[in-house]
Amino acid sequence: MLSVVRVHLPSEIPIVGCEITPYVLLRRPDGAVSTDDVPETTPADGQFMRYRWYRIQSDRKVPICSVHPMEQATIQCLGCLKSKIPVAKSYHCSAKCFSDAWQHHKVLHERASSTLNENGAEEEELFGKFGSGGSGVLSTAGSGSLSNFGQSRGVNNGPVPLYPSVTDKNSGETWFEVGRSRTYTPTADDIGHALKFECVAVDSEKRSPIGPPTSIMTSRVIPAPTPTPRRLIQVNGDVLGHLDLDSQTSSLGTFTVLSYNILADAYATSDAYSYCPTWALTWTYRRQNLLREIIGYHADIICLQEVQVNHFEDFFSPELDKHGYQALYKKRTTEVYSGNPMAIDGCATFFRRDKFSHVKKYEVEFNKAAQSLTDAIIPAAQKRVALSRLIKDNIALIAVLEAKFGNHGAENPGKRQLLCVANTHINVHQDLKDVKLWEVHTLLKGLEKIAVSADIPMLVCGDFNSTPGSSPHTLLAMGKVDQHHPDLAIDPLGILRPPSKLNHQLPLVSAYSAFARMVGVGYDLEHQRRRTDPATNEPLFTNCIRDFTGTVDYIFYTADSLTVDSLLELLDEESLRKDTALPSPEWSSDHIALLAEFRCKSRIRRSCRKGYSHHPWWRNTVPSGNLRQGGDAGSRRSKAALGSSLRKGKRLVTFDFTLLHLSSVILSCPCVPLLSIEENT
């Protein structure tokens, strides 16, 4: 006989827009125990499973705090009602709650007013639909609409009746049937109400239950917390533009680039982030919150790190496809990794089809470069030890795109506007400073070859696990590493020698250093300056966890071909520390997103052979003589033992950059004899 052995929920707290999939363990008629469903379409020995979801409502209306959704509200902000802000955001559980939140809460009023004046009734655009609907009280008819991630797109709760199923007159509770499938996605109507999941085996012929149903209750449904939207801050001209006297700047079109380490689900554990509520760490919640945030930025190019293979294929790629993005992906290699192959993470690059077309894709595997390096300089007896230090499964994804926004420059009006975007995650333990610097240098020498051969603007985005002043950041920002830099003292394999060879000729500048160069005064400008480090011109932090706060994420660009128009505002640490650190119910990663708006500009053809050291504006991200020797942020992945066998990929190929018809690449550079970049069209 088909029966239910056990039922439990992945999280006791349901959130609007986040699908609930109960764990149901069944004993099949043959005695086998399995979690596989037995639907009506494929019964087992004439029996199948029937599922029901109920919303349990009370006559008593209970408002919910917008800051602490598990608490009942006692205060309502009338200013929110006057500003036509979603009513759920107006509730607070105490006077202290309202007072503590006021500095951030009043921004809602200001932005709602300005948005209404500029765009009409644009609440939905300002606050986002996800989790913002509903009254935030216990009522039988919730108001507001759901997002693209809720009822209108992904929710399929099955047919529901028009009338309540059961009413208990003594308790005043009414049970509404809201779903007839195994999974259920709470809607705005469910806010403040508990849900009941019920399952029972049914006889196919008699259509009657076999034994009593098994049921389980949830806590009250809460609205998804939504942080105050971050704004683009205009940069009043890029000082690089008017110090580059050898070129003539002209308006060739603008585009935006987002870089974001989204925190892979495999790393988002309660052990690592015990301060974050368990429901806010679940992937069903985090994926919707991340998607809402990413879509809200409207970026033309999106560079994500720590994207698991299964999450890319099953979620991000199809969801962003609905919003007009084309996807490219490269997973990490697996010499060290020994877990679920679908749970390994990697880098994903998305771009708007209406703004760009795909020209070429290149996949950098640092493991292959490590194998070539050890073959060239490490004695045979020491190779295994060397490889165990060098091989970390890190990769980089390089995409060459062609812009569809017209190139209207006076020079070469018919010329194609190409763009090279590198996306990487240098996930190396903080103690392996030599490996981290070697990987960054390896990537830069590869990009340098593309620059001299293809002569196109470049962006280098990602999580480098390196703070400002560390040797990898110094190499990126200054074009070289001083031989006396303390990081160079750690080089047991001799891969960084001689230090004079640790350089590159790309005119890279950190996009967020533009905040330090802004001219003028104003509330927004002053606040952004306070959130940057005057010693390094970088943000005070991009990674904020309980035991570490610092900058490890960057967007670098070639300053001879691009200029910064706007930057996504930085967050202040105080606002994040109210939840201890990241991730939190509002922000679903331990990193913050970076976004920059760029403008293409005309310039003379780049020549890496001549170098850029004579340009005083190039190496200005870290002021000379004022370096802060920062440490490195710790990697989440602990050092693992080298696998019993190493994949040998020694296919030697050559450059052919004619008209961007690129083949696979092997690069020669001082520290890396052979770097393999695989091409994928």
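Residues numbered from 1 in each chain as written. Predicted model: local features only at pLDDT ≥ 70, side-chain atom pairs only at ≥ 80, totals over all residues. Heavy atoms only, no water.

Under an unreviewed UniProt entry, the name given to the protein chain is poly(A)-specific ribonuclease, and the organism recorded is Miscanthus lutarioriparius. Comment text from UniProt for the protein chain, heading Sequence similarities (unreviewed entry), reads "Belongs to the CCR4/nocturin family." Here is the UniProt Cofactor (unreviewed entry) comment for the protein chain, exactly as written: "Mg(2+)". (UniProt positions renumbered as here; feature names shortened; annotations may be inferred.)

Let us now look at the overall build of the protein chain. Counting its secondary structure elements, the protein chain contains 13 helices and 29 strands. Excluding contacts between residues fewer than 6 apart, the proportion of contacts in the protein chain whose partners are at least 24 apart in sequence is 76%. Carbon and sulfur atoms make up 50% of the accessible area of the protein chain, which totals about 27,800 Å². (Helix = DSSP H or I, 4+ residues; strand = E, 2+ residues; numbered from the N terminus. Contact = heavy atoms within 4.5 Å. Areas by Shrake-Rupley, 256 points an atom, 1.4 Å probe, with all protein chains shown as cover.)

Bringing the nonpolar core into the picture now. In terms of nonpolar packing, the biggest core is built from 71 residues, with Phe255, Ile301, Leu459 and Phe598 touching the most fellow members. When residues in this core are grouped by element, the largest group, six residues, is from helix H6 (residues 283–297). Those residues in contact with Leu459 that lie beyond four places of it in its chain are Phe255, Val257, Leu419, Cys420, Val421, Ala422, Phe556, Tyr557, Leu562 and Phe598. If you look at the next biggest cluster of nonpolar residues, it comprises 50 residues, including Val359, Ala370, Leu506 and Phe556. (Core = buried A, V, L, I, M, F, W, Y, C linked by side-chain atoms within 4.5 Å. Buried < 20%, exposed > 50% of the residue type's maximum accessible area, 1.4 Å probe, protein only.)

Packing of helix H8 (residues 366–377) against helix H10 (residues 433–454) leaves a shortest axis separation of 11 Å and a crossing angle of 100°. Overall, the two elements H8 and H10 adopt an arrangement that is roughly perpendicular. Contacts from Phe366, Ala369, Ala370 and Leu373 in H8 reach Trp438, Glu439, Thr442 and Leu443 in H10. For the contact of H8 with H10, the class distribution of residues is six nonpolar, one polar and one charged. (Axes fitted to C-alpha atoms, helices over the stretch in contact; angles between N-to-C directions. Parallel < 35°, antiparallel > 145°, perpendicular 65-115°, else oblique. Nonpolar A, V, L, I, M, F, W, Y, C, P; charged D, E, K, R; others polar.)

Next up on the list: the pattern of salt bridges. This structure, assessed with the given rule, holds 22 salt bridges. In this structure, Arg52 engages Glu177 in a salt bridge whose closest nitrogen and oxygen atoms are separated by 3.6 Å. On the criterion of sequence distance, the pair formed by Arg52 in strand E4 (residues 47–58) and Glu177 in strand E8 (residues 173–179) is long-range, its members being 125 residues apart. On the accessibility criterion, Arg52 (15% relative accessible area) is buried. Ionic pairing is found between Arg352 and Asp300, a salt bridge with its closest N-O pair at 3.7 Å. Taken together, the residues Arg352 in strand E15 (residues 345–352) and Asp300 in the loop between H6 and strand E13 (301–308) connect sequence positions 52 residues apart. (Salt bridge = Lys/Arg side-chain N within 4 Å of Asp/Glu carboxyl O.)

Here we take up H6. An ideal rise of 1.5 Å per residue puts 21 Å on 15 residues; H6 measures up with 21 Å between its terminal C-alpha atoms. By the criterion of burial, H6 is predominantly enclosed, with 13 of the 15 residues buried. Directly beyond the C-terminal end of H6, a positive phi value near 55° is found at His298. (Expected span 1.5 Å × (residues − 1).)

For the rest of this paragraph, the subject is the sheet that holds strand E1 (residues 3–8). Taken in spatial order, the three strands of this open sheet run E1-E2-E3, and their pairing is antiparallel. The open sheet has two edge strands with one neighbour each: E1 and strand E3 (33–34). Pairing between strand E2 (residues 23–27) and E3: two bridges, direction antiparallel. Paired with Leu26 across the two strands is Ser34, which belongs to E3. (Pairing = 2+ DSSP bridges.)

Let us look at the packing of aromatic side chains. Applying the stated criterion across every chain yields a total of 19 aromatic pairs. Aromatic pair Phe255 and Phe405: ring centres 6.1 Å apart, planes at 20°, arrangement stacked. Residue Phe255 is found in strand E12 (residues 254–261), and its partner Phe405 is found in the loop between strand E17 (395–403) and strand E18 (418–425); the two are separated by 150 residues along the sequence. Accessibility expressed as a relative area gives 15% for Phe405, which makes it buried. With a centroid separation of 5.2 Å and 75° between ring planes, the pair formed by Trp279 and Tyr285 is classed as edge-to-face. Of the two residues, Trp279 and Tyr285, neither departs from the other in class, the shared state being buried. A connected cluster of aromatic rings, assembled from ring pairs, spans Phe255, Phe356, Phe405, Tyr557 and Phe598. The ring of Tyr54 has Lys196 sitting right over it, with the charged end atom 5.4 Å from the ring centre. (Phe/Tyr/Trp six-rings, centres within 6.5 Å; stacked < 30°, edge-to-face > 60°. Lys NZ or Arg CZ within 6 Å of the ring centre and 35° of its normal.)

So, about the sheet that holds strand E26 (residues 562–568). Spatially, seven strands are ordered E11-E26-E27-E12-E13-E15-E14 in an open sheet, and the strand pairing comes out mixed. Since the sheet does not close on itself, it has two edges, and those belong to strand E11 (232–234) and strand E14 (325–331), each with one partner. If you compare each strand with its neighbour and ignore which way they point, the axes differ by 25° on average. Its contacts with the sheet place H6 against E12, E13, E26 and strand E27 (594–600), and it is angled at close to 160° to E12. Here helix H7 (residues 309–322) sits on the sheet in contact with E13, E14 and E15, set at roughly 165° to E14.

For H7, with 14 residues, the first-to-last C-alpha span of 19 Å sits near the 20 Å given by 1.5 Å per residue. At Phe316, H7 is bent by approximately 35°, the largest bend along its length, and proline Pro318 sits one to four residues beyond. For H7, the set of buried residues is Val309, His311, Phe312, Phe315, Phe316, Glu319 and Leu320. Looking at the packing, one finds that the buried side of H7 touches H6, E13, E14 and E15. Of the residues trailing H7, Gly324 is marked for its positive phi of about 90°. (Bend = angle between axes of the 7 residues up to and from the residue.)

Attention now moves to unusual backbone geometry. Residue Pro498 is bonded to the preceding Arg497 through a cis peptide linkage, with omega at -10°. As for its placement among the helices and strands, Pro498 is situated in the loop between helix H11 (471–478) and strand E20 (508–510). Phi at Asp393 is positive, roughly 65°, even though this residue is not glycine. Locating Asp393 in the fold gives a position in the loop between helix H9 (383–390) and E17. Owing to a relative accessible area of 0%, Asp393 belongs among the buried residues under this scheme.

On a regular strand, each side chain points to the face opposite its neighbour's, so the side chains alternate between the two faces of the sheet. Summarising burial for E18: eight of the eight residues are buried, a large majority. Taking every second residue as pointing to the same face, both faces of E18 are buried, with Leu418, Cys420, Ala422 and Thr424 on one and Leu419, Val421, Asn423 and His425 on the other.

Looking at where Ser317 falls in the secondary structure, it is placed in helix H7. Residues Ser317 and Tyr329, twelve residues apart in the sequence, show an inter-C-alpha distance of 9.4 Å. Every residue in contact with Ser317, bar those within four places of it in the chain, is listed here: Phe312, Ala327 and Phe350.

Here the focus is the confidence of the model for the protein chain. Scored by pLDDT, the protein chain comes out at a mean of 80, with 75% of its residues at no less than 70. Under a pLDDT of 50 for its full length, residues 118–154 has, in the predicted model, 97 contacts with residues more than four places off or in other chains. The model gives residues 238–251 a pLDDT under 50, and that stretch makes 31 contacts with residues more than four places away or in other chains. (pLDDT = per-residue confidence, 0-100.)

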